[in-house]
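The chain contents come next:
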Amino acid sequence: MNIEMITAETPYGRAADNLAGLGYHVIPISPGTKSPGQFSSGQWFGMREWQRYRDTAPTQFERKHWGARWPDAGIGLVLGTRVGGHQLIAVDIDAVHLDDFETLSRSLAASPMVKRGRKGETRFYLADLTFTSHSYVKEGKVVCDFLTGEQTRQTVVPPTIHPDTEQPYVWIVGPVHIASLPTFSIDDMTRYVEALESIGARRNRTVERSATSSRNHRSEEKISRIKRRRAFNRPYRLIVVQRTREKIAYLPPVSCCKAVVEPASNHNISTPYGGKL
């Protein structure tokens, strides 16, 4: 079976090239989930550092490999990709009550690119780079999600199989080229927030505080790793060891190990790593 035939059998393989051609950055989704994944040794695992694809599109080789070799791979669209002075965002309406959904749907700016999963819908726009990811809740349940490049988010898109309904996500309209998306303005945001508040929804500050705390913790860990790496890779100073009549000059290895002995003798001299010269 050739690679084109294999690729056509997976949701990722069927849609990745088309969406990439429209300017979107698309990544594989683990089957039965809504999370980015990777396939290795016959198993699916969470994809590490998938956020790097916000600013760098997967290569054609990566897309072909993911679509052909990773069974049942779904497809996720990474938010936050920059288009000029704007970023790609998505607004997810997830209201349970029909009246709430209709109120929010009427108040939200129209978009030529809209997808649907189990319920509600997700609309795509371009927005100012200052727009941040956040959500609104009502009665403890999320009714709206703003997905942006801040705290980089992704959203599952057709024809991925929804984990709950076991039916594919569908496009209500679109997809269209990323440059054709309308701009979601401050006025659009203000009008929509008023609609959210009119149905009793409130901004979810608890999740934002948790995300900020987690982000700060990750930043501290990253800084610590960088410091350790720099400490290990800094140019080593020449160390001169004198023992009786011998001088040993050596550099601890970074990419190689080299020892120089002057002058030679019959004494056994231990190296820093337990060997004998």
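For the structure, see preceding data.
Residues numbered from 1 in each chain as written. Predicted model: local features only at pLDDT ≥ 70, side-chain atom pairs only at ≥ 80, totals over all residues. Heavy atoms only, no water.

Chemist: Which residues make up the packing of aromatic side chains, and what values do they have?
Modeler: Scanning the model with the defined rule gives eleven aromatic pairs in all. A centroid spacing of 5.9 Å and a plane angle of 75° characterise the contact between Tyr12 and Trp66, whose relative ring orientation is edge-to-face. Of this pair, Tyr12 sits in helix α2 (residues 11-21) while Trp66 sits in helix α3 (residues 60-69); the two residues are 54 residues apart in sequence, bridging distant segments of the chain. Note on accessibility: Tyr12 and Trp66 belong to one class, buried. Plain terms: the ring middles of Tyr136 and Phe146 are 6.3 Å apart, the flat faces sit at 65° to each other, and that makes the pair edge-to-face. Here Tyr136 is found in strand β9 (residues 134-138), whereas its partner Phe146 is found in strand β10 (residues 141-147), with ten residues between them in sequence. Looking at Phe146, the relative accessible area reads 2%, which means it is buried. These aromatic residues form a ring-pair network of at least three members: Tyr12, Phe39, Trp44, Tyr53, Trp66 and Trp70. (Phe/Tyr/Trp six-rings, centres within 6.5 Å; stacked < 30°, edge-to-face > 60°. Helix = DSSP H or I, 4+ residues; strand = E, 2+ residues; numbered from the N terminus. Buried < 20%, exposed > 50% of the residue type's maximum accessible area, 1.4 Å probe, protein only.)

Chemist: Let's hear about the environment of Asn18: which residues, and what values?
Modeler: Looking at the secondary structure, you find Asn18 in helix α2. For Asn18, a relative accessible area of 46% translates into the label partly exposed. Sequence separation between Asn18 and Pro175 is 157 residues; the distance between their C-alpha atoms is 9.3 Å.

Chemist: Quick one: what's the story with the sheet that holds strand β11 (residues 154-157), residue by residue and with numbers?
Modeler: Pairing between the strands of a sheet is mediated by backbone hydrogen bonds and can be parallel or antiparallel. Here three strands make up an open sheet; going across it, the order is β1-β4-β11 and the pairing antiparallel. Each edge of the open sheet carries a strand with a single partner, namely β1 (26-29) and β11. The mean angle between the axes of side-by-side strands here comes to 40°, regardless of whether they run parallel or antiparallel. Both strand β4 (residues 74-78) and β11 contribute to a ladder of four bridges, which runs antiparallel. Bridge pairing links Leu77 to Thr155 in β11. Contacts from α2 reach β1, β4 and β11, with the element oriented near 30° to β4. (Pairing = 2+ DSSP bridges. Axes fitted to C-alpha atoms, helices over the stretch in contact; angles between N-to-C directions. Contact = heavy atoms within 4.5 Å.)

Chemist: Just give me the short version of helix α4 (residues 98-107), but keep the residues and values in it.
Modeler: Residues of α4 that are buried include every one of Asp100, Phe101, Leu104, Ser105 and Ser107, and no others. In a view along the axis of α4, the buried residues occupy a sector of 170°, so they form one face of it. Structural note: α4 exposes Leu98, Asp99 and Arg106 on the side pointing more than 90 degrees away from its buried face. Tucked inside the fold, the buried residues of α4 contact β6 (86-93), β8 (121-128), β9, β10 and α5 (186-198). (Arc of directions from axis to C-beta.)

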